[in-house]
Structures are given as C-alpha cells and as structure tokens.
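Structure assessment
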Amino acid sequence: MNSPVVAFTSKYGSTRRYAVALAEQLSTPAVELPTLTTAHDADPLIVLAPLYATRILGRRRIIRALRSAPGRTALVVVGLSPADDPGRGDLAAKLVASTRRAVTTFQLRGDLDPARLTWPDRVLMAALRRELRRTPEAPAAQLLLHSRRLRLVDEATLEPVVTWALGGARVDP
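Read on for a plain summary of the structure. Fair warning: this is a prediction, and the values are worked out from it, not measured in the lab.

Procedures and definitions
Residues numbered from 1 in each chain as written. Predicted model: local features only at pLDDT ≥ 70, side-chain atom pairs only at ≥ 80, totals over all residues. Heavy atoms only, no water. Helix = DSSP H or I, 4+ residues; strand = E, 2+ residues; numbered from the N terminus. Buried < 20%, exposed > 50% of the residue type's maximum accessible area, 1.4 Å probe, protein only. Polar contact = N/O pair within 3.5 Å; in protein donor to acceptor, adjacent residues only side chain to side chain. Contact = heavy atoms within 4.5 Å. Phe/Tyr/Trp six-rings, centres within 6.5 Å; stacked < 30°, edge-to-face > 60°. Lys NZ or Arg CZ within 6 Å of the ring centre and 35° of its normal. Axes fitted to C-alpha atoms, helices over the stretch in contact; angles between N-to-C directions. Left-handed = near helix turned anticlockwise from the far one by under 90°. Nonpolar A, V, L, I, M, F, W, Y, C, P; charged D, E, K, R; others polar.

**Looking at unusual backbone geometry**
At Ser27, a residue that is not glycine, the phi angle is positive and equals roughly 55 degrees. Tracing the sequence through the fold places Ser27 in the loop between α1 (14–26) and β2 (30–32). Even without glycine at this site, Arg100 takes up a positive phi of about 55 degrees. By the element assignment, Arg100 lies in the loop between α3 (86–99) and β6 (104–109). For Arg100, a relative accessible area of 68% puts it in the exposed group.

This is the structure we're talking about:
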C-alpha cells in the first residue's frame, strides 16, 4: 500500500461519518470528493458515496476519480436499504461499468433523519411512503412508513473495507 486516499460525498452526514472513521483507521485524511484534484498517487483509492432513491450522489466525480487512480480502487455505497438489496448492487455495478476498470464494491447502511430532509427529498419520501402503504408487510415499508429517525450507521461494518485496504485481498462484503 503506497498512499491510501479516502474520498467521499455526503448530503446528510452518514457517508461523512463512515469516511472519517475509515480514514482514521487507515491513518489518512478523509477528503471531500469535489476537492479531490487528482487521485494519481492513490493506492488504494476508496470512494464513499450515498445512494438516494435511484442514483448515487456524485456519479460523474466518482467515475473521474476512479478512472484516474493508478492502483486498486473501491466504491463504498451508503444507503437505507439493507446491504444485500439487489437494487443497490445494480446501481453500483452500472457506475463501476462506466469506469471501465476493476473496482471492488462495498455496501453500508446509513441514517435517516426526516427533520433534516430538503423539500425535494421530502416530496420523494412522501411518494415512496404512498407506494409502500400497498405492501405494509414488506421490509422497506416496515422501515419507512413511520416518519421517525433511523440510526443505522455502524462503523464496525467498515471492517471488510479496512481489511481490503490494508491487505489487498478481495473481500465479499
């Protein structure tokens, strides 16, 4: 491992928390993705990004950063849905395919604080809740139908990412 770089983009803070904790464990600073000028000396480059509905925040910057890194790269996607939700993997796979290189992916869970949502996100959440009322027994409905704060960030789930970064082995998250 030459010079690890932890870059992130975050809207509400969950991804930032993971990035700072990961950077501390790797003894490197966490850098906001918009301020990352180049990843030419990053090995490995680990990019953390939140998932909102049907998109990963900062997609273009993520692709540019992953393409510019000379060594190993990883994408850590943070979202509300369970880490094994196939939809999350599909979005990450599409983004990784856009880089045209090998990228290890990890999935982590984030927090939700309805009081902090922006107006457009509140509208999207209301539409999602209307849809989920049709299937109240579904796991997503159980999670989101009640407008309460969810605390799902667990820094211990960074362990596979740390292991990958320090050892270089491919880890199935």
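Now that the structure has been shown, the text picks up again.
**Re the side chain of Thr99**
Tracing the sequence through the fold places Thr99 in helix α3. Polar side-chain contacts of Thr99 include one of 2.5 Å to the backbone oxygen of Val96. Not counting residues within four places of it along the chain, the set of residues in contact with Thr99 comprises Ile63, Leu66 and Arg67.

**What about the packing of aromatic side chains?**
Inspection of the entire model under this criterion finds two aromatic pairs. Considering the side-chain rings of Tyr12 and Tyr52, the 6.1 Å spacing of their centres and the 80 degrees angle between planes classify their relative orientation as edge-to-face. With a gap of 40 residues between them, Tyr12 in the loop between β1 (5–8) and α1 and Tyr52 in strand β3 (residues 45–52) connect regions that are remote in the sequence. Tyr12 gets classed as buried once you look at its relative accessible area, which sits at 19%. Overall, the relative accessible area of 18% leaves Tyr52 in the buried class. Against the face of Trp164 rests Arg72, its NZ or CZ located 4.5 Å from the ring centre.

**Re the packing of α1 against helix α6 (residues 159–167)**
Running from N to C, α1 and α6 point in directions that differ by 40 degrees, and their axes come no closer than 11 Å. Crossing geometry of α1 relative to α6 is assigned as right-handed. Touching Leu22, Gln25 and Leu26 of α1 are Val161, Val162, Ala165 and Leu166, all from α6. Classifying every residue of the contact of α1 with α6 gives six nonpolar, one polar and no charged.

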